[in-house]
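Analysis of the macromolecular model
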Amino acid sequence: MPRFADALESNPAPRRLGDVTLRYEPSMLIGETPRAKATWRSSLVFLAGVGLLLFSAGGLVLQWPFGVVVTLVLAGAVAIGAAVLLERFEKRQRRFVANFGTVSLRLDFTSPIAGHARTLVVPFDSVRATALLRQGDGASCLCVDFEERGLLREVLVAHIPDDQLPDAERLERVLKGAFGLGDRPAPAEPDATRDRDLSTFE
């Protein structure tokens, strides 16, 4: 806790960085992406699936060819399943909570394939590294590597433009100080051109 207080005092983090909003509560630093607004797409796909199933029921009554009815049933089921997945992805939200009271990092994210909401709670002692890495779109992201049945990586902040790199470096130092990585941060202006040894991420 004192280590975090020292880090935050010497390297105050911004309120907005990349795709996340940062806020502070007693003994906690919270970063989260905005919740996506609901759209009409998932509802439209769901209604299309229901319509196809109704058509298939009508086809049975009217004695349509068996292959046509089966095709309608399968298409309706696929459409309803797609609507459920689309709705999950529309509601996805990424969040991290660095809790300095419980000395743990909570990660809330959505699984990339099924779209299920997942939560991991990682003890600070299990965090192995934090680093700013370049994304494919030319922006940067702040990542954390941790032990969880193997070495895993999660993105804390994505889509950081170059003009926000000094703020991202301040947040990186705050988190490193909290996780006990490296030296205790000292008040100093960040050097956006400093080199990093990223060999552990290759």
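Residues numbered from 1 in each chain as written. Predicted model: local features only at pLDDT ≥ 70, side-chain atom pairs only at ≥ 80, totals over all residues. Heavy atoms only, no water.

1. Quick look at the overall build of the chain
Each helix and strand in the chain was counted, giving four helices and nine strands. Listing every helix and strand of the chain by position from the N terminus yields α-β-β-β-α-α-β-β-β-β-β-β-α. Taking contacts inside the chain between residues at least 6 apart in sequence as the whole, the part at least 24 apart equals 52%. (Helix = DSSP H or I, 4+ residues; strand = E, 2+ residues; numbered from the N terminus. Contact = heavy atoms within 4.5 Å.)

2. A closer look at helix H2 (residues 41-61)
Taking 1.5 Å of rise per residue, 21 residues should cover 30 Å, and H2 covers 31 Å from first to last C-alpha, within 8% of that figure. Among all positions in H2, only Ser42, Gly49, Ser56 and Gly59 are buried. Take H2 and look down its axis: the buried residues cluster within an arc of 105°, on one side only. Set apart from the buried face of H2 by more than 90 degrees, the exposed residues are Leu47, Leu54, Phe55 and Val61. Phi for Gln63, located one or two positions after H2, is positive at around 60°. (Expected span 1.5 Å × (residues − 1). Buried < 20%, exposed > 50% of the residue type's maximum accessible area, 1.4 Å probe, protein only. Arc of directions from axis to C-beta.)

3. Overview of the pairing of strand E5 (residues 104-110)
Burial analysis of E5 places five of its seven residues in the buried class, which makes it a mostly covered element. In the sheet, strand E4 (residues 95-99) pairs with E5 via five bridges, with the strands oriented antiparallel. Note on E5: the bridge partner recorded for Asn99 is Ser104. The loop that links E4 with its antiparallel partner E5 comprises four residues; one of these, Val103, has a positive phi angle of about 55°. (Pairing = 2+ DSSP bridges.)

4. Here's the deal with the sheet that holds strand E8 (residues 140-147)
Across the sheet, which stays open at both edges, the three strands sit in the order E7-E8-E9 with antiparallel pairing between neighbours. Both edges of this open sheet fall to strand E7 (127-134) and strand E9 (151-160), since each of them pairs with a single strand only. Pairwise comparison of adjacent strand axes, ignoring direction, gives a mean angle of 20° for this sheet. Two strands pair when backbone bridges link them, and E7 and E8 are joined in this way by seven bridges, in the antiparallel orientation. Each bridged residue has a counterpart across the sheet, and for Val127 the counterpart in E8 is Phe146. Across the sheet, helix H4 (residues 165-179) touches E7, E8 and E9, and the angle it forms with E7 is around 175°. (Axes fitted to C-alpha atoms, helices over the stretch in contact; angles between N-to-C directions.)

Worth remembering: the numbers are spatial, not functional.
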